[in-house]
Amino acid sequence: MIVFAVYFVLLFYFLFFAEAMGRTGSLHETYHYNLVLFKEIRRFIEYREVLGAKAVMLNLAGNVVAFMPFGILVPAIFKRFRKVFTVVLLSLELSLTVEILQLVAKVGSFDVDDLLLNTLGGLVGYVCFVVAVSIRRKVYDRNKTQDA
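Read on for a plain summary of the structure. Everything quoted here is computed from the prediction, not taken from an experiment.

**Some details on helix 1 (residues 2-16)**
Thinking step 1. A rise of 1.5 Å per residue sets the reference length of helix 1, with its 15 residues, at 21 Å; its end C-alpha atoms lie 21 Å apart and thus fit the reference within 8%.
Thinking step 2. Among the residues making up helix 1, those that are buried are Phe4, Tyr7, Leu11, Leu15 and Phe16. The buried residues of helix 1 occupy one face: seen down the axis, they fall within an arc of 130°. Residues of helix 1 that are exposed and angled more than 90 degrees away from the buried face: Ile2 and Val9.
Thinking step 3. Looking at the buried residues of helix 1, the elements they touch are helix 4 (53-77) and helix 5 (84-105).

Put into structure tokens, the structure is as follows:
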């Protein structure tokens with residue numbers, strides 16, 4: 001639970017307050033949003049030379065990686081949330097909450113592509129959790145048979 005709490009604090013810091021991530025919104029700025037799926041993803045790929053590799057990786061891979069711990073920690077901590085659909089739905093809900101808060105606070109932007117990438121990150125994290133549990137069971141079963 002402590003790791004989960006630390007993850008949430010870091011996630012919300014980077015999503016709302018980190019100046020290095022371009023989080024310098026103010027109440028005088030306009031609302032920024034994208035409701036067209038794949039629009040920003042396509043833009044980042046198309047203009048990768050202009051934007052730079054760091055900006056492209058930070059936006060595309062960063063959105064996935066940021067939610068991977070969520071997909072790992074939720075089923076690890078809460079046994080009732082060990083189904084793939086549940087973890088994906090919770091990832092989507094958390095991402096939607098973040099995007100709405102960013103829109104209202106005028107920090108960052110509301111972007112459906114971020115919803116997709118964040119939810120994908122939760123799914124990838126869940127797959128990592130399932131693989132880790134499977135490996136752990138095989139190792140445990142092998143050690144158990146060797147001890148017998």
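Here the narrative resumes, following the displayed structure.
**Focus on the packing of aromatic side chains**
Thinking step 1. Applying the stated criterion to the full structure yields 11 aromatic pairs.
Thinking step 2. Each member of the aromatic cluster is reached from another via a ring pair, and the members are Phe4, Tyr7, Phe8, Phe12, Phe16, Phe17, Phe70, Phe78 and Phe81.

**A word on the nonpolar core**
Thinking step 1. Listed in full, the 11 residues of the largest apolar core are Phe4, Tyr7, Leu11, Leu15, Phe16, Phe67, Phe70, Leu73, Val74, Leu94 and Val98.
Thinking step 2. Breaking this core down by element, the ones donating at least two residues are helix 1, helix 4 and helix 5.
Thinking step 3. In terms of residue count, helix 1 provides more of this core than any other element does, 5 residues in total.
Thinking step 4. Formed by 6 residues, the second largest nonpolar core is a distinct cluster that contains Ile41, Val56, Leu60 and Leu117.

Reading guide: rules and limits
- Residues numbered from 1 in each chain as written.
- Predicted model: local features only at pLDDT ≥ 70, side-chain atom pairs only at ≥ 80, totals over all residues.
- Heavy atoms only, no water.
- Helix = DSSP H or I, 4+ residues; strand = E, 2+ residues; numbered from the N terminus.
- Expected span 1.5 Å × (residues − 1).
- Buried < 20%, exposed > 50% of the residue type's maximum accessible area, 1.4 Å probe, protein only.
- Arc of directions from axis to C-beta.
- Contact = heavy atoms within 4.5 Å.
- Phe/Tyr/Trp six-rings, centres within 6.5 Å; stacked < 30°, edge-to-face > 60°.
- Core = buried A, V, L, I, M, F, W, Y, C linked by side-chain atoms within 4.5 Å.

Interpretation note: all reported values are geometric properties and have no functional meaning in isolation.
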